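Geometric and topological summary
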Amino acid sequence: FEALKTRRDAAKQSLANNPSDRTAAGDFSSLSHALDDDAATLAYFDELPAGSPVRTAIGYHVFGLLLEAKRYADAAAAMPYKRYISRFDHVVKQFNGPDAPKLRQGAMESMRKFQCENAAEELEALAGSGSLDESRELIKKILDFDHSDETVATLRKHLERAGRSDLLPTTEPSTPKSETQEKS
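**Regarding the overall build of the protein chain**
- Looking only at helices and strands, the protein chain has ten helices and zero strands in total.
- Counted from the first residue to the last, the protein chain has its helices and strands arranged as α-α-α-α-α-α-α-α-α-α.
- Across its three principal directions, the C-alpha atoms of the protein chain cover 55 × 40 × 25 Å.
- A burial count over the protein chain gives 40% of its 184 residues as buried.
- Surface exposure of the protein chain reaches about 10000 Å², of which carbon and sulfur atoms provide 52%.
- Counting 25 positive and 30 negative side-chain charges, the protein chain places the averaged centre of each group 3 Å from the other.

Here is the structure:
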């Protein structure tokens with residue numbers, strides 16, 4: 001226990017010395033989590049000024065905590081839309097790429113669910129923070145990727161949490177691409 005605290009404190013000091021050290025940010029956050037002290041990571045994040053490189057480095061690790069607390073502006077800043085959408089598009093490209101047919105159906109389904117849940121969390125942060133144009137763009141990308149009943153329900157849940165269920169279009173669901181790929 002004390003050894004973990006010592007390592008966490010060292011990671012925090014490393015961040016103070018090198019604010020863009022993403023490894024130290026990950027270590028600090030992960031060790032705080034292992035110590036059942038996510039509050040320490042969030043408290044440190046809150047101490048840092050907006051625009052701080054350390055705040056940016058830790059932002060990825062506190063995104064879920066910020067979302068849970070409905071601190072949407074902070075969550076959207078912690079995971080900026082441009083960074084998120086780049087990751088989303090990369091995964092979708094891989095999902096639909098030439099190696100996709102080699103993946104087992106179960107793996108494809110797990111990847112699809114994971115991608116849609118992560119996107120719904122980002123959507124909640126964007127919608128809750130008032131980034132409506134980006135929210136609409138992300139909704140379109142998500143539904144283009146997977147317009148299943150399950151994904152629509154996940155989006156609805158996150159948009160309701162953010163108080164913006166009005167953003168979800170009322171359209172008919174379709175078969176997830178993972179299922180259509182297997183049939184072709």
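**Points about the nonpolar core**
- By size, the foremost hydrophobic cluster in this structure holds 47 residues, and its most contacted members are L15, I58, F88 and L138.
- Among residues more than four places away in sequence, those in contact with L15 are D21, A24, A25, F28, Y44, V54 and I58.

**Overview of the side chain of T154**
- Take T154: it is sitting in helix α9 (residues 149-161).
- Assessed through its relative accessible area of 17%, T154 is described here as buried.
- In contact with T154, not counting residues within four places along its chain, are E117 and A120.

**Digging into the side chain of S135**
- Counting through the fold element by element, S135 comes out in helix α8 (residues 132-145).
- Looking at S135, the relative accessible area reads 0%, which means it is buried.
- For S135, the side chain forms a polar contact with the main-chain oxygen of S131, separated by 2.7 Å.

**Focus: the packing of aromatic side chains**
- By the definition in use, this model includes three aromatic pairs.
- A centroid spacing of 5.3 Å and a plane angle of 65° characterise the contact between F28 and Y44, whose relative ring orientation is edge-to-face. Placement of the pair is F28 in helix α2 (residues 22-34) and Y44 in helix α3 (residues 38-47), with a sequence separation of 16 residues.
- By relative accessible area, Y44 is classed as buried at 8%.
- Ring plane angle 75° and centroid distance 6.2 Å describe the contact between F88 and F145, whose orientation is recorded as edge-to-face. One end of the pair, F88, is in helix α6 (residues 81-95); the other, F145, is in helix α8, with 57 residues separating them in the sequence.

**A short note on the packing of α2 against α3**
- In the contact formed by α2 and α3, the axes pass within 6 Å of each other and the chain directions differ by 145°. Residues F28, S29, S32 and H33 of α2 lie in contact with α3, whose contacting residues are D38, A40, T41 and Y44.
- Among the residues forming the contact of α2 with α3, the class breakdown is three nonpolar, four polar and one charged.

**Observations concerning unusual backbone geometry**
- Positive phi is not limited to glycine here, since D36 has a value of about 55°.
- For K70, which is not a glycine, the phi torsion comes out positive at approximately 60°.
- Its location among the elements puts K70 in the loop between α4 (53-68) and α5 (72-78).

**Comments concerning the pattern of salt bridges**
- With the rule as written, the count across this model stands at 14 salt bridges.
- The partner of D46 in a salt bridge is R71, with the nearest N and O atoms 2.5 Å apart. With D46 in helix α3 and R71 in the loop between α4 and α5, this residue pair connects regions lying 25 residues apart in the sequence.
- In this structure R71 comes out as partly exposed when scored by relative accessible area, which is 24%.
- Close ionic contact of D74 with R71 constitutes a salt bridge, the shortest N to O distance being 2.7 Å.
- Here the salt bridges do not stand alone but share partners, grouping E109, R112, K113, D146 and E150 into one network.

Parameters at a glance
- Along every chain, residues carry numbers that run from 1 in the direction the sequence is written.
- Only residues with pLDDT of 70 or above have their local features reported here, since the model is predicted, and side-chain atom pairs are shown and tallied only from 80 upward, although totals for entire chains, interfaces and linings are computed over all residues.
- The side-chain figures draw on all heavy atoms in the structure; neither hydrogens nor water molecules are used.
- Strands are runs of DSSP state E lasting at least 2 residues, helices are runs of H or I lasting at least 4, and numbering of each runs from the N terminus.
- Any residue under 20% of the maximum accessible area for its type is buried, any over 50% is exposed, and the rest in between are partly exposed; the area is computed with a 1.4 Å probe on protein chains only.
- We get accessible surface area from the Shrake-Rupley algorithm with a probe of 1.4 Å; when it comes to residues, only the shown protein chains can shield them.
- Under this rule, positive means Lys or Arg and negative means Asp or Glu; His and the chain ends count for nothing.
- Where a charge sits is defined by one atom per residue type, namely NZ (Lys), CZ (Arg), CG (Asp) or CD (Glu).
- Buried Ala, Val, Leu, Ile, Met, Phe, Trp, Tyr and Cys residues that are joined via side-chain atoms within 4.5 Å together make up what is termed a nonpolar core.
- The contact criterion used throughout is that any non-hydrogen atoms of two residues lie within 4.5 Å.
- Polar contact criterion, stated in full: a pair of N or O atoms within 3.5 Å, where within protein one must be able to donate a hydrogen and the other to accept it, and residues adjacent in sequence count only if both atoms are side-chain atoms.
- Only rings of Phe, Tyr and Trp enter the pairing, Trp through its six-membered ring, and a pair is recorded when the two centres are within 6.5 Å. The plane angle decides the type: under 30 degrees is stacked, over 60 is edge-to-face, the rest tilted.
- Only the stretch in contact is used when fitting a helix axis, every axis being a line fitted to C-alpha atoms; angles between N-to-C directions are given from 0 to 180 degrees.
- Residue polarity is assigned by list, with Asp, Glu, Lys and Arg as charged and Ala, Val, Leu, Ile, Met, Phe, Trp, Tyr, Cys and Pro as nonpolar; anything else, Gly included, falls into the polar class.
- Criterion for a salt bridge: a side-chain nitrogen of Lys or Arg within 4 Å of a carboxyl oxygen of Asp or Glu.

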